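Understanding the architecture of this molecule
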Amino acid sequence: MSSLPKLSIIVCTYNRDQYIGKTLDHLLRQDLPQLEYEVIIVDNNSTDRTAQICQDFISAHPDAPFHYVVETNQGHSYSRNRGIEETQAELVSFIDDDAFVHKPFGRNIIHFFKENEEILVVGGKIIPVYEEKEPKWMSHFLLPLVSALDMGSSPRLFTGRKFPVGANMIFRRTVFDQYGTFNVALGRKGTGLMGGDEKELIYRLKNDNAPIYYAPDVVVDHIIPKRRLTKNYIQGLAQGVGQSEKERLSTATLFQKFQRALEEVIKIGGTLILFIWYLLRGQLAKGSMLIKFRIWVLQGFLN
C-alpha cells in the first residue's frame, strides 16, 4: 500500500491570526483518516501572530499531517505555487485561511474524484458566514465578492464563464503538469485586492474543453467580516477585478480581446435589466450596488 496521502490541502495565509487556528482545527477534526491527507500551511510573510499560532498548533498535534512553510515572495499566486511544490498527493485542494471545512470534506473530495475519473477540477460549495447581518445590497449576483458559491444540491458542470471559487477548489495534480501553475502577475499581494489568479488558470483549462465540476457535498463555511462589506472595500475589490482582467488580456489575441469586450457590453446590458427588475421589486439597494460594481470594474480596467 502506498504511504503517500491521497489528498493535499493547501492553506495560504497572510495576517489571519483571528481565524487560522479555527481553520486548522476544523481540518484536524474532519472524518478522513490522517494517513489519507496532509495539510500544507503556506505563510506569506505574516506580521501578526499567524506564524506562532500555526507553529503552536503543529507542536500540540505532533502526529497530525500538518506542515508549515514560509513563502517570502509576496503574493497569493506565489503562495499557491509554493504549496503545490510541497504537496505529495494526487489531489490538491485549496481553502482560504478563514474557511472552515465540514467534517466529511476530505472524504467527499476523494469519493467524488474516484467516481468521476474524467474530471480534472472541482469547485465545492462555500457558505458565507457573516459576522454581522447580510447587507441589504447583497444579491445572488454579488455573492462571488464574498467568495460564496452555491449552485444547488446536485453536481453540475461549470459552463461559460462560471468557475470555482478559490476558497474551495480541488485539482488533480496532472493539471499543473499539463496546464502550468498560477500566474504570479495576478492575485492578491499583501493587502492589495487584485485577484484573477484562479480564474486565469481555470480559463486555460476551459479553452481546452477540460471538464470542471461543482461538487455540492464538498463544503466549507467562509467568514465574512464587517470590513469586507464596506463601500470602500467593495469598490477596491471591483477595481481589482478590472485590473486583473486587464493583466490577463495583456497577452491575449485580438479576437480574444474583442470577445471579452463583447462580453462586457452584454454584462452592462444585463446589469441595467437587473437594476430595473430590483427597482420594480422595491429593492433599490441591490440594483444600485450592481450598477456601482460594474462602474468600478470598468474603472479598474481603464486605469
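The sections below set out a description of the structure shown in this document. (Residues numbered from 1 in each chain as written. Predicted model: local features only at pLDDT ≥ 70, side-chain atom pairs only at ≥ 80, totals over all residues. Heavy atoms only, no water.)

The next point concerns the side chain of Glu-38. Mapped onto the elements of the fold, Glu-38 is located in strand S2 (residues 37-43). In this structure, Glu-38 is buried with no salt-bridge partner, the nearest side chain bearing the opposite charge being Arg-173 at 5.9 Å. Beyond its immediate chain neighbours, meaning those up to four positions away, Glu-38 contacts Pro-5, Leu-7, Ser-8, Ile-9, Pro-65, His-67, Glu-86, Thr-87, Gln-88 and Ala-89. (Helix = DSSP H or I, 4+ residues; strand = E, 2+ residues; numbered from the N terminus. Buried < 20%, exposed > 50% of the residue type's maximum accessible area, 1.4 Å probe, protein only. Lys, Arg positive; Asp, Glu negative; His and termini not counted. Salt bridge = Lys/Arg side-chain N within 4 Å of Asp/Glu carboxyl O. Contact = heavy atoms within 4.5 Å.)

Attention now goes to helix H8 (residues 254-280). The terminal C-alpha atoms of H8, which comprises 27 residues, lie 40 Å apart, in line with the 39 Å expected from a rise of 1.5 Å per residue. What H8 keeps buried is the set Arg-260, Glu-263, Glu-264, Thr-271, Leu-274 and Tyr-278. Close packing links the buried residues of H8 with helix H7 (231-248) and helix H9 (284-302). Count one or two residues on from H8 and you reach Gly-282, which has phi positive near 75°. (Expected span 1.5 Å × (residues − 1).)

Moving on: the environment of Val-184. By the element assignment, Val-184 lies in the loop between helix H5 (174-179) and helix H6 (197-206). Judged by relative accessible area, which is 31%, Val-184 ranks as partly exposed. Spatially, the C-alpha atom of Val-184 lies 14 Å from that of Thr-251, the residues being 67 residues apart in sequence.

Approximately 400 Å³ is the volume found for the second largest pocket. Forming the walls of the second largest pocket are 18 residues, and the residues nearest its centre are Tyr-203, Asn-207, Arg-248, Ala-252 and Gln-256. Looking at the lining of the second largest pocket, the elements that each hand over two or more residues are H6, H7 and H8. Tallied by class, residues from the lining of the second largest pocket come to 4 nonpolar, 7 polar and 7 charged. (1 Å grid on protein atoms, 1.4 Å probe; cavity = no way out; pocket = protein on both sides within 12 Å on 5 of 7 lines; lining within 4 Å. Points joined across faces, edges and corners; volume = space filled by probe spheres on them. Nonpolar A, V, L, I, M, F, W, Y, C, P; charged D, E, K, R; others polar.)

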